[in-house]
Amino acid sequence: MVSLDSGVLAEKNTTSRAKICGYTGLLVVLSVINWADKTVIGLVAQPLSRELGLSASQIGLLGSAFFLTFTIGGFFAGLLNKWMTLRWSLTLLALAWAISMLPAVVVASFAVLLVSRMVLGFTEGPTSALVHAGMYTWHPVEKRGVPGAWLTGSASIAKIVVAPLLAVVIAAWGWRAAFAVLAAVSVVWCLIWLPTWKPGPYGEEAAARRHTPGGPEKVAWLKIILTPTCLGGAAAVFAMYGLATVVMMWLPSYFEVGLGFSSVQSGVMFALPSIAALFFLFLSTSIGDRLLARGASPRVLRGVVPAAGLLACGIALVALPLVTSAAVSVIVVSVGYGVGSIVFPLYNAALSAICPPKQTAGSLGIFMGVMSISGLIAPLLTGVVIDFAASPREGYALAFQIFGVAAIVGAAIALLTVNPIRDARRVLATVQKP
C-alpha cells in the first residue's frame, strides 16, 4: 500500500473530526440522491404499467437502457477528474440529473422515459468513482471500510428513508411528482456543495504538495487494471451488482405479484434487504478497519471476508425455489442480499490501496464501469424470465436463482485472486516519475 509520511499524519491530526464527518456526509447525501434516482423507477413500475400499458419486459428495458449509458458514463470518471476539480464535476453531474428528470414530467411516454433514463444513466455513471475518490482524500487506506460502507449503504438509505417518502408523494400526487421532487433535491444539494467542499489530506493535491510516495508518481493503467485484485474484485462486484439492480427495480413487484403481499406490505418490506445490508456493511467494515489498524491481514479482511459474504448470498438465492413460504422467501432474499453487499466497500477499498492517489478516480471508474455492465443484463433478463415463466412466483424465483449461481462463481474467483498487499507492491514497483 502507499505509505504515508509524518507530514500526512501531522495534517490528519490537525483536522477536526467534525470536518471529516461533514465532508463525508455531503458525499453520502449525493450518493443517496443518486440511488433514489435509480430506485424511483421500481416504485413507479406498477403505475407506469397501468397508465402506459407497459409489459414487464418494457419495464426491464428501461432499467437495462439506464445501465447501458451508466456503464459508458462510468469510464469517463478519470477524464472528468483530470479536466476539472471534484467541486465542479459533481456539481455539473448533479444538475444534469435534475434536468434529465423533467422531460417525463411534461411528456409521459415510453420513448421519453427511455431517452431520459439513458441520459440520467450517462450522467450518473462517473459519480460513484468520483465520490469514492473524494471521500478517500479524507480517510487513510486502512480506515476506508466504514466510510465506504456509508457510500454503499446510501442505496439502503435511499430505500429505507427516501423510498417511503417518494411512495407518499406518488400516492398523493402521482408518479410525475416523484420525478420533480428528485430534480429539486439535486439542485438544493448543489447549492450546499459548491461553497463548502475542500479536498482532504490523503488526495493527490495534498500528496503532490508534500512530494510523498504515491503523490506525483504515475503507474501504467494496465498495471493496475490487470492485477488479480482488480480482476477478481471486478468479478465479485459484477455478480453482486446485477442482483442489486434487480432488487432495486423488481423487488416491490416480486413481493406484490410474486408472493401475494399487498402493495402496502410490499412497500414496507422493500426496506428489509436494505436494513440487512446496512447491518452487514457496518458490522464487516467497522470490525475490519479496527483489525487492519492493529496490523491484521488485508488479504483476509479485504479479500477472503467479502468473498465469503458473496458465497453465502449465492447459496441462499440458489436455494430460493425450494422455499414454499412467502415469509421465509422474504427473509432468504433479504439476508442473502444483505451479506453479499459487503463486497462493494471492501473491494473498492482494496483497489484504492494498490494505486497512487491521482489515479484513484480513474481506476475506480474503470472498476465500477465493468461492475455496472451487469446492470445492462440483469433487469431485462429478469423481465424476460418473468414474462415466459409459468407463474410470476416461479419467474422471480428462477431469476434470483440465476443471480445466485453468478454470485457463487464471482465469490470463488475473488477468493482465489484478491490480495491488495501483494498487488500494491507489484504496482508501485512500476512507478513512473513525471
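Because the structure is a prediction, the values reported are computed rather than measured. (Residues numbered from 1 in each chain as written. Predicted model: local features only at pLDDT ≥ 70, side-chain atom pairs only at ≥ 80, totals over all residues. Heavy atoms only, no water.)

S.K.: Which residues make up the overall build of the protein chain, and what values do they have?
M.R.: A count of helical and extended segments in the protein chain gives 21 helices and zero strands. For the C-alpha atoms alone, the extent of the protein chain along its principal axes is close to 60 × 45 × 35 Å. The 434 residues of the protein chain split such that 56% are buried. Long-range contacts, defined here as pairs at least 24 residues apart, represent 86% of the contacts in the protein chain between residues at least 6 apart. On the protein chain, roughly 16,400 Å² of surface is accessible, and the fraction owed to carbon and sulfur atoms is 72%. (Helix = DSSP H or I, 4+ residues; strand = E, 2+ residues; numbered from the N terminus. Buried < 20%, exposed > 50% of the residue type's maximum accessible area, 1.4 Å probe, protein only. Contact = heavy atoms within 4.5 Å. Areas by Shrake-Rupley, 256 points an atom, 1.4 Å probe, with all protein chains shown as cover.)

S.K.: Tell me about the side chain of N34, and please be specific about residues and values.
M.R.: With respect to the secondary-structure elements, N34 resides in helix α2 (residues 17-43). The residues contacting N34, other than those within four sequence positions of it, are W97, E124 and T127.

S.K.: Describe the environment of Q58, naming the residues involved and giving the relevant values.
M.R.: Mapping Q58 onto the fold places it in helix α4 (residues 56-74). Along the chain, Q58 and E124 lie 66 residues apart, while their C-alpha atoms are 22 Å from each other. The contacts of Q58, once residues within four sequence positions are left out, are G53 and F110.

S.K.: Now, about the side chain of H132: what can you tell me, with residues and values included?
M.R.: Within the fold, H132 resides in helix α8 (residues 127-136). Excluding residues within four positions of it along the chain, H132 makes contact with L151, N348, L364 and M368.

S.K.: Break down the pattern of salt bridges for me, with residues and values.
M.R.: Side-chain pairs of opposite charge can arise where the charged atoms are in close proximity. All chains considered together, the criterion is met by four salt bridges. Across the salt bridge formed by D423 and R422, the nearest N and O atoms sit 3.0 Å from each other. Using a relative accessible area of 26% as the deciding quantity, one classes R422 as partly exposed. Because the salt bridges share partners, they merge into one network encompassing R422, D423 and R426. (Salt bridge = Lys/Arg side-chain N within 4 Å of Asp/Glu carboxyl O.)

S.K.: Now, about the packing of aromatic side chains: what can you tell me, with residues and values included?
M.R.: By the definition in use, this model includes 16 aromatic pairs. Their ring planes at 25 degrees and their centres at 4.8 Å tell us that Y23 and W138 sit as a pair that is stacked. Here W138 lies in the loop between α8 and α9 (145-173) and Y23 lies in helix α2, a separation of 115 residues in the sequence. For the pair Y23 and W138, one class covers both residues: buried. Here Y254 and Y396 contribute two aromatic rings whose centre-to-centre distance is 5.2 Å and whose plane-to-plane angle is 50 degrees, an arrangement assigned as tilted. A residue pair is termed long-range when its members are at least 10 positions apart, and Y254 in helix α13 (residues 228-258) and Y396 in helix α20 (residues 392-417) qualify at 142 residues. Its relative accessible area of 2% is what places Y254 among the buried residues. By way of ring pairs, the aromatic residues Y23, W138, W189, W193 and W197 are connected into one cluster. Taking NZ or CZ as reference, K38 lies 4.6 Å from the ring centre of W35, over its face. (Phe/Tyr/Trp six-rings, centres within 6.5 Å; stacked < 30°, edge-to-face > 60°. Lys NZ or Arg CZ within 6 Å of the ring centre and 35° of its normal.)

From the geometry alone we can't say anything about function, so treat these as descriptive.
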